[in-house]
Amino acid sequence: MSAFSYNVNPARIVFGLGAWANVAAEVSGLGCSRALVLSTPFQAKDAEKLAAELGSMAVGIFSEAAMHTPVEVTEKAMEAYEAAGADCVIALGGGSTIGLGKAIAYRNDAPQVVIATTYAGSEVTPILGQTENGLKTTVRDAKILPEVVIYDPELTVGLPVAMSVTSGLNAMAHAVEAVYAENRNPVTTLMAVEGVRALRDALPGIVADPSNVDARSEALYGAWLCGTVLGTVGMALHHKICHTLGGTFDLPHAETHAIMLPHSAAYNAPAVAHEMQPLADLFGGSIGGGLWDFAKSLNAPLALRDLQVQHADLDRAADIATQNPYWNPRPIERQAIRELLQRAFEGSRPE
């Protein structure tokens, strides 16, 4: 066996039906007592309900979290944090809200409790992606990792099917890149394959019956594994392209990952066939085509043009995606990336 190193991120995970009721105890366990509750506008009422449950432990609500963690929104949230005299944040929601909590913590080291209501996976990573002046950049720092993550399948039952599907595919993307990451190791590979397996099995059940708590539990389990892997290894081409598309053209995060995943996986497959074989086996032997078939079976979005991307945008996207590229197992060539984006734009099945 080859030599490897493995850093374990020190997060506390609380998983199970009804787990969200432990949030006050988890805040107290961090030595905190004045929480600012975060959410998106869509989940503002849920944030208000949570704050009411917490009583005096909640000193404010900030419900303006947005996709891609715009810096201007973070600055407003920082002002709200200071004005409330908060000593921690509780992020209730998915990637947008979790990202805001992480952005606050990156700036002031505020302790974080996350109540995850999607399958984003970012809640267990020390990675922050934030957008300013149309460009999305990422930073990794120990302060960014939430201290406590609560997974309660009951809270995901109301997640719309379409959002459940794209959120799950987004989580899968973390694990797919993990199996060929430059700093991969046997532990992360095991977690990555199991995370993808869990989501592969769970998502069809959610589509068939959105109230299926067993399927929801399996999906959260898979998302936790996929996110944990993302937090311990590096990212490659797939995340670079999605950060480019999301930050530059303000595309929806999960949908962009869902569309790009089969194409980025197919691009890298020839260079890392051995590493990707366990994943290919989960999808009929072909990782790119298999992921595309799986996404199609779930009625997931398949084409960038369906996200209102214009054909004229593809050249710019290819230019940005090939500037300062992340490490990748296959050389990143501008023409090849432009062709990849063309296939994703059209929604054609990769071979």
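Structure: see above.
Everything in this summary refers to the structure shown in the same document. (Residues numbered from 1 in each chain as written. Predicted model: local features only at pLDDT ≥ 70, side-chain atom pairs only at ≥ 80, totals over all residues. Heavy atoms only, no water.)

## Description of the overall build of the protein chain
Inference 1: Of the regular secondary structure elements, the protein chain holds 13 helices and eight strands.
Inference 2: In terms of C-alpha radius of gyration, the protein chain reaches 19 Å, essentially the compact-globule figure of 20 Å for 351 residues.
Inference 3: Taking the principal axes of its C-alpha atoms as reference, the protein chain extends roughly 55 × 45 × 40 Å.
Inference 4: Of all intrachain contacts in the protein chain linking residues separated by at least 6 positions in sequence, the fraction that spans at least 24 positions is 77%.
Inference 5: Surface accessibility of the protein chain: about 13,800 Å² in total, with carbon and sulfur atoms responsible for 51%.
Inference 6: Here the protein chain contributes 23 positively and 37 negatively charged side chains, and the mean placements of these two sets differ by 3 Å. (Helix = DSSP H or I, 4+ residues; strand = E, 2+ residues; numbered from the N terminus. Rg over C-alpha atoms; globule rule 2.2 N^0.38 Å. Contact = heavy atoms within 4.5 Å. Areas by Shrake-Rupley, 256 points an atom, 1.4 Å probe, with all protein chains shown as cover. Lys, Arg positive; Asp, Glu negative; His and termini not counted. Charge placed at Lys NZ, Arg CZ, Asp CG, Glu CD.)

## Focus on helix α6 (residues 186-208)
Inference 1: Between its terminal C-alpha atoms α6 stretches 34 Å, which fits the 33 Å expected from 23 residues at 1.5 Å a residue.
Inference 2: For α6, the complete set of buried residues consists of Thr188, Met191, Ala192, Val193, Gly195, Val196, Ala198, Leu199, Ala202, Leu203 and Ile206.
Inference 3: Of the surrounding elements, those touching the buried residues of α6 are α5 (161-178), α7 (213-230), α10 (273-282) and α11 (287-297).
Inference 4: The distance from a side-chain oxygen at the start of α6 to the backbone nitrogen of Val187 is 2.9 Å, and the residue carrying that oxygen is Asn185. (Expected span 1.5 Å × (residues − 1). Buried < 20%, exposed > 50% of the residue type's maximum accessible area, 1.4 Å probe, protein only. Polar contact = N/O pair within 3.5 Å; in protein donor to acceptor, adjacent residues only side chain to side chain.)

## Regarding the packing of α5 against helix α9 (residues 253-268)
Inference 1: Here α5 crosses α9 at 45 degrees, and the two axes come no closer than 8 Å. Classified by the angle their axes make, α5 and α9 are oblique. Read as a crossing pair, α5 and α9 show a hand that is left-handed. For the pair formed by α5 and α9, the contact residues are Thr166, Ser167, Leu169, Asn170, Met172, Ala173 and Val176 on the first element and His253, Ala254, Glu255, His257, Ala258, Leu261 and Ala265 on the second. (Axes fitted to C-alpha atoms, helices over the stretch in contact; angles between N-to-C directions. Parallel < 35°, antiparallel > 145°, perpendicular 65-115°, else oblique. Left-handed = near helix turned anticlockwise from the far one by under 90°.)

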